[in-house]
Amino acid sequence: MTDVPLADTFQFDAQGFVILRRVLDTSLCSRYLAELERLFECSYEDAWLQRDGVRGQTTIQLSEGQRRINGLPLWTDVFDDLISLPPIVDRLRAWMQHPQLVNTWAIDKTLGTPWGGWHRGLNPDDYSVRQGKVRTRMLNCVLLLTDNGPEDGCLAVVPGAHKSEIDLPMADYRSRELPGTMRVTGEAGDVVMFSETLLHTGTNKTTDGHRTNLYFNYIDATYNPAMRELLAGNQGNINHYVFPPQVRARFNETQRELTQWMEWQRVAPA
Ligand SMILES: O=C(O)CCC(=O)C(=O)O
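Residues numbered from 1 in each chain as written. Predicted model: local features only at pLDDT ≥ 70, side-chain atom pairs only at ≥ 80, totals over all residues. Heavy atoms only, no water.

## With respect to the site of the ligand
Test applied: Summary of the distance rule: residues count as near a molecule or strand when at least one heavy atom falls within 4 Å of that molecule or strand. We call two N or O atoms a polar contact when they sit within 3.5 Å, provided that within protein one can donate a hydrogen and the other can accept it, with sequence-adjacent residues counted only if both atoms are side-chain atoms. All accessible areas in this document rest on Shrake-Rupley with a 1.4 Å probe, and a residue is counted as covered only by the protein chains that are shown. Put simply, the grid is 1 Å and covers the protein atoms alone, a cavity is a trapped set of points that fit a 1.4 Å probe, a pocket is an open set with protein on both sides within 12 Å along at least five of seven lines, and lining residues have an atom within 4 Å of a point. Think of it this way: a molecule belongs to a cavity or pocket when more than half its atoms come within 2 Å of the grid points there. Ten residue types, Ala, Val, Leu, Ile, Met, Phe, Trp, Tyr, Cys and Pro, are classed as nonpolar, four, Asp, Glu, Lys and Arg, as charged, and the remainder, Gly among them, as polar.
The environment of the ligand is made up of Arg68, Trp105, Ile107, Lys109, His119, Leu155, His200, Thr201, Gly202, Arg211 and Tyr215. A distance of 2.9 Å separates an oxygen atom of the ligand from a polar atom in the side chain of lysine 109. In the environment of the ligand, an oxygen atom lies 2.5 Å from a nitrogen or oxygen atom belonging to the side chain of tyrosine 215. Considering the ligand on its own, with 300 Å² of exposed area, one finds that the protein chains cover 89% of that surface. Using a 2 Å cut-off from the grid points, one finds that the ligand occupies the largest pocket. Each residue belonging to the shell around the ligand can be placed in one class, and the counts come to 4 nonpolar, 4 polar and 3 charged.

## Some thoughts on the layout of surface pockets
Filter applied, for reference: Grid points are joined across faces, edges and corners, and a volume is the space filled by probe spheres set on the points. By definition, any uninterrupted DSSP run of H or I lasting at least four residues is a helix, any uninterrupted run of E lasting at least two residues is a strand, and each is numbered from the N terminus.
Space inside the largest pocket adds up to approximately 1,000 Å³. Along its surface, the largest pocket is lined by 39 residues, and Leu62, Arg68, Trp105, Ile107 and His119 are the ones closest to its centre. Contributions of two or more residues to the lining of the largest pocket are made by strand S2 (59-63), strand S3 (66-70), strand S4 (99-109), strand S7 (138-144), strand S11 (200-202), strand S12 (211-220) and helix H5 (225-232). If you tally residues by element for the lining of the largest pocket, the top one is S4, at 5 residues.

## A closer look at the packing of aromatic side chains
Put simply, the test is: Each aromatic pair joins two rings of Phe, Tyr and Trp (for Trp, the six-membered one) with centres within 6.5 Å, and gets the label stacked for planes under 30 degrees apart, edge-to-face for over 60, and tilted for any other angle. Relative accessibility under 20% of the residue-type maximum defines a buried residue, over 50% an exposed one, and the middle range a partly exposed one, all with a 1.4 Å probe and only protein chains included.
Evaluation of the coordinates by the stated rule reveals 6 aromatic pairs. Their ring planes at 45° and their centres at 6.5 Å tell us that phenylalanine 12 and tyrosine 127 sit as a pair that is tilted. You can see phenylalanine 12 sitting in helix H1 (residues 6-15) and its partner tyrosine 127 sitting in strand S5 (residues 127-130), a full 115 residues away along the chain. Since its relative accessible area comes to 0%, phenylalanine 12 is described here as buried. Using a relative accessible area of 8% as the deciding quantity, one classes tyrosine 127 as buried. With a centroid separation of 6.1 Å and 90° between ring planes, the pair formed by phenylalanine 243 and phenylalanine 251 is classed as edge-to-face. With relative accessibility at 1%, the residue phenylalanine 243 sits in the buried group. Classification of phenylalanine 251 as buried rests on a relative accessible area of 4%.

## As for the sheet that holds S12
Under the convention used in this document: If DSSP finds at least two bridges between two strands, the strands pair. Working convention: axes come from line fits to C-alpha atoms, limited for helices to the stretch in contact. Angles between N-to-C directions cover 0 to 180 degrees. For this analysis, residues touch if any pair of their heavy atoms sits within 4.5 Å.
One open sheet accounts for 7 strands, arranged S1-S10-S7-S12-S4-S3-S2; its pairing is antiparallel. Each of the sheet's edge strands pairs with one partner strand only, and the pair in question is strand S1 (17-20) and S2. Here the average twist between neighbouring strands, direction ignored, is 20°. Bridge count between S7 and S12: 7 bridges; the pairing is antiparallel. When the sheet's bridge partners are listed, cysteine 141 is paired in S12 with phenylalanine 216. Each of S1, S7 and strand S10 (191-195) touches H1; the most contacted strand, S1, lies at about 135° to it. The strands touched by helix H4 (residues 86-95) are S1, S4, S7, S10 and S12; relative to S7, the strand with the most contacts, the crossing angle is about 165°.

Have a look at this one:
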């Protein structure tokens, strides 16, 4: 583990996010894109979701032009290295008490994808700084596999709103920018790390081609992911959060450490 530059910690605290440039090279991005294309073409039985009203399917058509797949390491080992990339892991450990991976997913957008809804994974009281030490109880790492230009359906945030407790009438801001919105743009290979207490959304895509990102989302070990999803009415999600022992067996030490909570989950045999 190397020391995270103080400037990064300052920026993460001030804005609620940082952008790490050129973390993945072009050939890696192409490899990941090809693997995602293969995974999007597969079918998933999701038999455990047949109960009425249980949400959390593996693949979801989010809207016209927009696909999502959840639980990536359940279906392939191609993305495993992303759990232990040093620049990401160093910052997770600097800005969280005890980071543990929960959900992993990919979103692919094409022309016509509409705006998403503004949201945050946790409330601002789950973000704090004490004696110079940042603690966010959920931190999302977005890996850009294609360029994310301002019209490509990029992520949008309100810098600093990870601490904001002022409630706006959100219905007035459907499919449009909140005051102070910033479009988070970058090139293929860049990584955005943001506190999930930050207000964020995905913007609409008005350009040709694909905008494809990976999301590796971490929570603090003191947080119970099963109860979080149960209370939110998304209890099916937990099934793609937990990797069975045969998946974790191929992990290196860092990857195992960052998924340690899964050892204590009882899962059905694959
Ligand atoms: O990149 C995007 O389109 C937004 C993704 C997002 O906010 C989410 O998956 O929760």
